[in-house]
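Inside the fold
So you can see what is in the structure, the chains are spelled out below.
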Amino acid sequence: QVHLIESGGGLVQAGGSLKLSCVVSGGPFRSYAMGWFRQVPGKAREFVAAVSGSGARTYYADSVKDRFTISRDNNKNMVYLQMNSLKPEDTAVYYCNADPLAKVIGGLEGDYWGQGTQVAVSS
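Residues numbered from 1 in each chain as written. Predicted model: local features only at pLDDT ≥ 70, side-chain atom pairs only at ≥ 80, totals over all residues. Heavy atoms only, no water.

With that out of the way, let us pick up the packing of aromatic side chains. Under the defined criterion, the tally for this structure stands at 4 aromatic pairs. Taking the centre distance of 5.9 Å and the plane angle of 45° together, the rings of Tyr 32 and Tyr 112 count as tilted. With Tyr 32 in the loop between β3 (18–25) and β4 (33–39) and Tyr 112 in strand β10 (residues 112–113), this pair connects stretches of sequence that are 80 residues apart. The interplanar angle of 90° and the centroid separation of 6.3 Å between the aromatic rings of Tyr 95 and Trp 113 together place this pair among those described as edge-to-face. Here the residue Tyr 95 occupies a position in strand β9 (residues 92–99), and Trp 113 occupies one in strand β10, the gap between them amounting to 18 residues. On the basis of relative accessibility, which here comes to 15%, the residue Tyr 95 falls in the buried class. Looking at Trp 113, the relative accessible area reads 24%, which means it is partly exposed. An aromatic cluster of at least three residues, connected via ring pairs, comprises Phe 37, Phe 47, Tyr 95 and Trp 113. One residue, Lys 19, lies across the ring of Tyr 80, its end atom 4.6 Å from the ring centre. (Phe/Tyr/Trp six-rings, centres within 6.5 Å; stacked < 30°, edge-to-face > 60°. Helix = DSSP H or I, 4+ residues; strand = E, 2+ residues; numbered from the N terminus. Buried < 20%, exposed > 50% of the residue type's maximum accessible area, 1.4 Å probe, protein only. Lys NZ or Arg CZ within 6 Å of the ring centre and 35° of its normal.)

Dropping the structure here:
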């Protein structure tokens, strides 16, 4: 069974930075494309960023491009989301997503989810 655990959320002022981490266990991490999604109460979950299994390819939602960076460490079964120049509209619960079929590369949701970590950006 695949388990994902996110960490690194918190409260930050607008313009600040946070780095989210996600550790994956129970599956062949290197074969999973990994993604980050976020959700605000009352709204649908939205794609934020994705990285291929090798880490060579990355993809971003237009709303976070040039501000967020996704990366992974296949030796540690970790995926990261570095968030810079944060805006109040980035406030959401952020979820880590593991996808053996790599649908997440196209912004679609994969099979496995973490429990989420809250990010709050104050103005």
